[in-house]
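# Structural overview for review
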Amino acid sequence: MIDIQLDDQQFCWGDTLSGQFIWQSDNPDKIPKSADVLMNWFTEGRGTGDRQTVEKQPLSPQKLLDFQTRPFPFSFTIPREVPMTYDGYLFRLMWELEVKIVFPGIFRPQDRATCVFQVLPYLQRD
Amino acid sequence: MAKIKLNKINQNPLRRPLQPQKTAEGYCLVDPNDGFNLFIFIFGLLWLAIWCGVSFPMFAFVIIAFIQQPSLETILPVAFLSIFAVIGVVGLVWAGSSLYRVYRIKVGEVILSTYPLYQGQSYRIKYRRKLRQGRTTKPTTITAQWVNYEWVEYRRGTDTVTATHEISVIDLPEQSIMAGANELTYMTQVTVPENAPLSIYAPHNQVRWELRVKIQLPYMTRDTSFFVLQVLPS
């Protein structure tokens, strides 16, 4: 099980997206083969779904094991000229942070969790 | 909100519109679609050649037969083949008018002082379209629209289908062109609202800002130029 926590939910171009995730393995004998933290955008709606991984941070499986049940920090910079979060009539574009841990095996079992955030032209602070 | 349908996910980078060229006048963007596709033209020409080459002689033959021996037996083939002859004539007229338009007038281009565009800003835009041959014979008007719309593409069976939804359409002021002009020039100003949706150019899902300029030249052509411009946050 993976629990992701972001320091904020709204970002602009050039902002730093930081947070942490906690991984709790349901089987302590399962050693991950690879692990990544990815920053993606994707579309949903009437059109064919588009998806792009904007940035990817590979994680060392050994380090991940050392951090098990403890917060594992991560940090990204929102690049410039990426599409903004959009909710329209025919489609919507959303951003997510994804943590993916892949285990060895024929069918590549994996633990995966995502957390949605927004990339906006300007921040709306309450 | 449209019903969400999860289709096949494509891992593709953004598909950006054409970028303008920096010139001495400013940023120049040429209409990528001049209405003349060589492959479609060749295919159409072959199709017309076969269609007219078969239907016109047959139509002429049954017409002669009807003239020589008017009867119900000879008029029925005339009525039947007239449909094919009409389709052939319409095809020839369409092909001829397309070629004539390419022959008489070049593609349109817009010139901007700055690019890309930003929210909350106004921009003066110059549209220009030159005639290859001769000059305009009658006065005409140029009209334009500043359109913001969503565009999506998806598969329906074996077909690729597109759908659009207009978010805003702004009609820009008309401009008259006098007779005797060898170049059509249209000056206008477009404003990008502060809270306007920003351009998105995913491969199958896009938010577009488009300038549509329509010209109607009597006895010459009727054509619309489309220019997709990028809008970024202020």
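What you see is a predicted model; the values in this text were computed from it and never measured.

Residues and elements named next belong to chain B. On domain assignment, one finds that chain B holds domain 1 (21-32 + 108-232) and domain 2 (38-104). Of the residues lining the interface, 9 residues belong to domain 1; the matching set on domain 2 comes to 5 residues. Summing both sides of the interface, domain 1 and domain 2 together bury roughly 650 Å²; the carbon and sulfur share of this comes to 44%. When residues of domain 1 are sorted by the area they lose upon contact with domain 2, Arg132, Gln133 and Met220 head the list and together hold 67% of the total. Across the contact surface, domain 1 and domain 2 share 0 salt bridges. Summed over the shared surface of domain 1 and domain 2, the result is 0 residue pairs in polar contact (both at pLDDT 80 or more). Of the residues contributing to the side of domain 1 that touches domain 2, the split by class is 3 nonpolar, 3 polar and 3 charged.

Looking at the element boundaries, A:Leu38 is found in strand 4 (residues 34-45). Residues within four places of A:Leu38 in sequence aside, it is in contact with A:Thr53, A:Glu55, A:Lys56, A:Phe76, A:Glu96, A:Leu97, A:Glu98 and A:Lys100.

As a further point, take the confidence of the model for chain A. Taken over all residues, the pLDDT of chain A has a mean of 89, while the share at 70 or more is 97%. Confidence, expressed as mean pLDDT per element, reaches its minimum in chain A at helix 1 (residues 61-66) of chain A with 82 and its maximum at strand 7 (residues 86-87) of chain A with 95.

In this section: the sheet that holds strand 1 (residues 2-6) of chain A. All names here are of chain A. An order of 1-3-6 is seen for the 3 strands of this open sheet, with the pairing classed as antiparallel. The open sheet is flanked by strand 1 and strand 6 (72-77), the only strands paired with a single partner. Taking the axes of each pair of neighbouring strands and ignoring which way they run, one obtains an average angle of 25 degrees across the sheet. Two strands pair when backbone bridges link them, and strand 3 (residues 16-23) and strand 6 are joined in this way by 6 bridges, in the antiparallel orientation.

About the cut-offs
- Residue numbers restart at each chain and count upward from 1, following the sequence in its written direction.
- Whichever chain is written first becomes A and whichever ligand is written first becomes 1, with later ones labelled in order.
- Under the rules for a predicted model, residues below a pLDDT of 70 receive no local features and side-chain atom pairs below 80 are neither given nor counted, while totals for whole chains, interfaces and linings still include all residues.
- The side-chain numbers reported here are obtained from all heavy atoms of the structure, hydrogens and water having been left aside.
- Domain start and stop points were drawn from an automatic or database domain assignment.
- It only takes one pair of heavy atoms within 4.5 Å for two residues to be counted as in contact.
- Two parts lose some accessible area (1.4 Å probe) when they are put together, and adding that loss for both gives the buried area.
- Each reported salt bridge corresponds to a side-chain nitrogen of Lys or Arg within 4 Å of a carboxyl oxygen of Asp or Glu.
- Each polar contact in these results corresponds to two N or O atoms within 3.5 Å; when the atoms are within protein, one needs to be able to donate a hydrogen and the other to accept it, and residues that are neighboring in sequence are counted only if both atoms are side-chain atoms.
- Residues are grouped as follows: Ala, Val, Leu, Ile, Met, Phe, Trp, Tyr, Cys and Pro are nonpolar; Asp, Glu, Lys and Arg are charged; every other residue, Gly included, is polar.
- A run of H or I in DSSP becomes a helix once it reaches four residues, and a run of E becomes a strand once it reaches two; helices and strands are each numbered from the N terminus.
- Confidence scores per residue from the predictor, reported as pLDDT, run from 0 to 100.
- A pair of strands counts as paired when DSSP detects no fewer than two bridges linking them.
- Under this scheme, a helix contributes an axis fitted over its contacting stretch, all axes are lines through C-alpha atoms, and angles between N-to-C directions fall in the 0 to 180 degree range.

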